[in-house]
Amino acid sequence: LASTTDKPKKAAKEVSVYKDTVILPQTKFDQRANAIKREPELQEFWRTERIYQSLYEDEEKTETFTLHDGPPYANGDLHIGHALNKILKDFINRYNMQQGKSVKFVP
């Protein structure tokens, strides 16, 4: 009888038949995002360089664009139309921001 502490052995990894047919570029970038380490570094960079604040420094001098968002999922269960709605609103906000307007998104 096998004990309850015995772990099943992993199967040997199969070699892909496509390994020699796919030519990937050689870069210095990590293969993984390593977000646990990188995210605090990126947030600190945004804080020290005041990236977000610089978007709103001349807020009083520019035209304001405000997009009011309705209630979430007001017409039943979540579906692809909800995603499209959010994506289109993001496009509209980004476009207006690139036009130099001060964008306010009001959920």
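Residues numbered from 1 in each chain as written. Predicted model: local features only at pLDDT ≥ 70, side-chain atom pairs only at ≥ 80, totals over all residues. Heavy atoms only, no water.

**Q** How would you explain the overall build of the chain if you had to name every residue and give the values?
**A** Across its full length, the chain holds three helices and two strands. Reading the chain from its N end, one meets helices and strands in the order α-α-β-α-β. The proportion of buried residues among the 107 residues of the chain is 8%. Considering only contacts in the chain between residues 6 or more positions apart, those separated by 24 or more positions represent 67%. Total accessible area on the chain is roughly 10700 Å²; 58% of this is exposed by carbon and sulfur atoms. (Helix = DSSP H or I, 4+ residues; strand = E, 2+ residues; numbered from the N terminus. Buried < 20%, exposed > 50% of the residue type's maximum accessible area, 1.4 Å probe, protein only. Contact = heavy atoms within 4.5 Å. Areas by Shrake-Rupley, 256 points an atom, 1.4 Å probe, with all protein chains shown as cover.)

**Q** Could you give me a rundown of the pattern of salt bridges, with the residues and numbers involved?
**A** Counted under the stated rule, the structure contains six salt bridges. Residue Glu44 is joined to Arg47 by a salt bridge in which the shortest nitrogen-to-oxygen separation is 3.2 Å. A residue pair is termed a helical-turn pair when its members lie 3 or 4 positions apart in one helix, as Glu44 and Arg47 do in helix α1 (residues 35-48) at three residues. With relative accessibility at 37%, the residue Glu44 sits in the partly exposed group. Arg47 sits in the exposed class, given a relative accessible area of 53%. Lys89 serves as the salt-bridge partner of Asp69, at 2.2 Å between the closest nitrogen and oxygen. One end of the pair, Asp69, is in the loop between β1 (64-68) and α3 (80-98); the other, Lys89, is in helix α3, and 20 residues separate them in sequence. Of the two residues examined, Asp69 and Lys89, each falls in the buried class. (Salt bridge = Lys/Arg side-chain N within 4 Å of Asp/Glu carboxyl O.)

**Q** Tell me what's going on with unusual backbone geometry, and back it up with residues and numbers.
**A** Of note, Arg50 is a non-glycine position whose phi angle comes to about 50 degrees, a positive value. Tracing the backbone through its elements, the reader meets Arg50 in the loop between α1 and α2 (51-54). Exposure remark for Arg50: the relative accessible area of 42% places this residue in the partly exposed category.

**Q** Any chance you could break down the side chain of Asn96 for me, citing the residues and the numbers?
**A** Within the secondary structure, Asn96 is located in helix α3. A polar contact of 2.8 Å, which involves the side chain of Asn96, links it to the backbone oxygen of Ile92. (Polar contact = N/O pair within 3.5 Å; in protein donor to acceptor, adjacent residues only side chain to side chain.)

**Q** A description of α3 should follow, citing residues and the corresponding values.
**A** For α3, which comprises 19 residues, the first-to-last C-alpha distance of 27 Å matches the rise-based estimate of 27 Å (1.5 Å per residue) to within 8%. Residues of α3 that are buried: His82, Lys89, Asn93 and Asn96. Mapping the buried residues of α3 onto a view down its axis gives an arc of 70 degrees, with all of them on the same face. Opposite its buried face, α3 presents the exposed residues Ile80, Phe91, Arg94, Tyr95 and Gln98, each directed more than 90 degrees away. Buried residues belonging to α3 abut β1 and β2 (102-106). Directly after α3, the chain includes Gly100, whose backbone phi takes a positive value near 90 degrees. (Expected span 1.5 Å × (residues − 1). Arc of directions from axis to C-beta.)

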